[in-house]
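# Summary of structural features
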Amino acid sequence: LQQRPVLIGMLLIGCIASMPSNLMGLLLPLQLKETMGEAGATLYGYLNSLNGFVVIVFTPILTVLLKKITEIPKTILGLLLFVAGNALFSLEAAVIVLFAGMFVFTLGEVVTVLGSNPYNSRRVPASHRGRIGGISSVVHSLFSSLTQYLISFLLMVTNSNYRLIWTVFIVCGLVGAVLYGF
């Protein structure tokens with residue numbers, strides 16, 4: 001890590017950039033339950049099914065389509081798609097908008113992985129990948145826990161103002177995209 005400090009920077013930026021994706025698993029189901037009651041839980045299940053479908057179908061397609069783009073631009077593109085998906089979720093609009101949000105969000109998930117994983121694997125020697133991977137997992141898990149706490153805190157202090165909370169994390173995603181650009 002001393003020889004490659006950019007990896008530490010990428011890890012920290014990755015934590016900031018992961019904030020929009022952490023919302024989907026915690027904030028979206030709460031929002032759907034509050035706005036739609038029990039039907040919200042069913043809708044959340046359908047949205048997650050779409051997520052799995054998009055990952056399976058579009059990963060090979062996006063791998064081919066984006067093969068000429070280097071890792072950082074792919075990661076930024078993926079993060080911007082995450083943010084766009086979150087923006088659609090924040091609208092609390094028609095069900096079709098939520099499905100469009102999940103589609104865009106999941107494309108972001110795929111593109112981010114296509115960019116960030118090769119970036120790290122090309123810069124970490126094989127002899128250190130396990131250790132770096134372990135450290136990265138611990139840091140990301142800790143940051144994810146802190147993000148979930150922050151979401152809960154914001155729900156409490158904003159009286160469940162979902163749109164405001166989505167906006168806060170959309171801004172975090174945009175900050176992450178800018179930092180990746182640097």
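It should be noted that the structure appears before, not after, this text.
Values in this document were obtained by computation on a predicted structure and should not be read as measured data.

Here the focus is the state of the cysteines. In the structure shown here, the tally under the stated rule is 0 disulfides. The thiol of C15 is not disulfide-bonded; the next cysteine sulfur, from C172, is found 12 Å away.

Another aspect to go through is the environment of L107. Mapped onto the elements, L107 comes out in helix α5 (residues 95-123). The class for L107 is buried, based on a relative accessible area of 15%. Considered as a pair, L107 and I165 are 58 residues apart in the sequence and their alpha carbons are 22 Å apart. Leaving out residues up to four positions away in the same chain, L107 has contacts with V54, F58, L62 and L81.

With that settled, the discussion passes to helix α7 (residues 162-181). For α7, spanning 20 residues, the distance from its first C-alpha to its last is 29 Å, which sits close to the expected 28 Å at 1.5 Å a residue. Looking at α7, one finds that the buried residues are Y162, I165, W166, F169, I170, C172, G173, G176, A177 and Y180. Projected onto a plane normal to the axis of α7, the buried residues spread over an arc of 155 degrees and lie on a single side. Contacts from the buried residues of α7 go to α1 (5-17), α2 (19-36), α4 (71-90) and α6 (129-157).

Interhelical geometry of α2 versus helix α3 (residues 38-65) gives an angle of 140 degrees and a closest axis separation of 6 Å. The element α2 and its partner α3 pack so that their crossing is right-handed. Across the interface between the two elements, M24, G25, L28, P29, L32, K33 and M36 from α2 touch E38, A39, G40, L43, Y44, L47, N48 and N51 from α3. Residue composition of the contact of α2 with α3, by class: 9 nonpolar, 4 polar and 2 charged.

This brings us to the pattern of salt bridges. In this structure the tally under the stated criterion is 1 salt bridge. As a salt-bridge pair, K33 and E38 come within 3.6 Å of each other at their nearest N and O atoms.

The rules behind these values
- Residues numbered from 1 in each chain as written.
- Predicted model: local features only at pLDDT ≥ 70, side-chain atom pairs only at ≥ 80, totals over all residues.
- Heavy atoms only, no water.
- Disulfide = S-S within 2.5 Å.
- Helix = DSSP H or I, 4+ residues; strand = E, 2+ residues; numbered from the N terminus.
- Buried < 20%, exposed > 50% of the residue type's maximum accessible area, 1.4 Å probe, protein only.
- Contact = heavy atoms within 4.5 Å.
- Expected span 1.5 Å × (residues − 1).
- Arc of directions from axis to C-beta.
- Axes fitted to C-alpha atoms, helices over the stretch in contact; angles between N-to-C directions.
- Left-handed = near helix turned anticlockwise from the far one by under 90°.
- Nonpolar A, V, L, I, M, F, W, Y, C, P; charged D, E, K, R; others polar.
- Salt bridge = Lys/Arg side-chain N within 4 Å of Asp/Glu carboxyl O.

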